[in-house]
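One-letter residues, chain by chain:
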Amino acid sequence: MIGSITTSWEKQLQEEFKNPYFQDLMEFISSEYNQHICYPKKELVFEAFNHFSFEETKVVLIGQDPYHGPNQANGLCFSVQDDIKHPPSLVNIFKELQTDCNKPYPDSGNLESWAKQGVLLLNATLTVRAHEAGSHQKQGWETFTDAVIKTLSKEKDGLVFLLWGGFAKKKAKLINADKHHILTSGHPSPLSANRGYWFGNKHFSETNAILKEKGNKSIKW
């Protein structure tokens, strides 16, 4: 059995959990975890939802897949466990944070501190088979996470959505731009960043400026 999801999120998403596609997805995931090494650990699959309530959501950052190497994925997009080498995309995220907010480069790549402040670090696909990128795509996770985005868009106001790269930008169609703030840029991966599509986007400071304008507490990135 994979990990649980906090009560406030469960209440908002209860119709999804009852949906036949979600039951099929859970059967697939159960089989995958029984027959293969998969990431993140079972108890961390819904970790992105378990650091704050639905009502406390302030920022939504959308990734694609969990990391598929040993001990990397911890259920939060772009984040890795403590004491794990920072993947290239995360290195570039921290480099942009350094220049944008004058922050020192952190020792840990664990983004749990962001999550605890109301940042939903949401991968479109929440699980993956070890060493097989994209192996759990198109099994139902995308339907579920799209429903999460649409629910947030409908039920909340003034959220900041960070859409980095082509895949994430496609999610803009699920978001009501009249109610929310959508910030887009290239992906932080070296392929995109080294071509000038990532560095200098200033999304961290811009997010905080938006939050302050709305009377919300800024994020301590």
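Located above this text is the structure these notes cover.
Reference entry: report on the structure contained in this document. (Residues numbered from 1 in each chain as written. Predicted model: local features only at pLDDT ≥ 70, side-chain atom pairs only at ≥ 80, totals over all residues. Heavy atoms only, no water.)

1. As for the packing of aromatic side chains
Scanning the entire structure with this criterion turns up 19 aromatic pairs. Geometrically, the ring pair formed by Tyr21 and Phe22 is edge-to-face, given 6.2 Å between the ring centres and 85° between the ring planes. Ring geometry for Phe204 and Trp221: centres 5.0 Å apart, planes at 70°, overall edge-to-face. Note that Phe204 is positioned in helix H8 (residues 203–213) and Trp221 in the segment after H8, a separation of 17 residues in sequence. (Phe/Tyr/Trp six-rings, centres within 6.5 Å; stacked < 30°, edge-to-face > 60°. Helix = DSSP H or I, 4+ residues; strand = E, 2+ residues; numbered from the N terminus.)

2. Focus on unusual backbone geometry
In this structure, the amide linkage connecting Tyr39 to the following residue, Pro40, adopts the cis form with an omega of -5°. If you trace the backbone, Pro40 turns up in the loop between strand S1 (38–39) and strand S2 (59–63). Even without glycine at this site, Lys138 takes up a positive phi of about 60°. Look at Lys202: it is not a glycine, yet its phi comes out positive at around 55°.

3. Some words on the nonpolar core
Counting residues in each nonpolar core, the largest one holds 64 residues, and the members touching the most others are Trp9, Phe46, Phe49, Trp114, Leu120, Trp141 and Phe144. What Trp9 contacts, discounting residues up to four positions off in sequence, is Phe49, Phe52, Ser53, Phe54, Thr57, Leu120, Val148 and Leu152. (Core = buried A, V, L, I, M, F, W, Y, C linked by side-chain atoms within 4.5 Å. Buried < 20%, exposed > 50% of the residue type's maximum accessible area, 1.4 Å probe, protein only. Contact = heavy atoms within 4.5 Å.)

4. Remarks on the sheet that holds strand S3 (residues 119–123)
With parallel pairing, the four strands of this open sheet are ordered in space as S3-S2-S5-S6. Edge strands, defined here as strands with exactly one partner in the open sheet, are S3 and strand S6 (181–185). Ignoring which end each strand starts from, the neighbouring axes of this sheet average 20° apart. Sheet topology places S2 next to S3; five bridges connect them, and they run parallel. (Pairing = 2+ DSSP bridges. Axes fitted to C-alpha atoms, helices over the stretch in contact; angles between N-to-C directions.)

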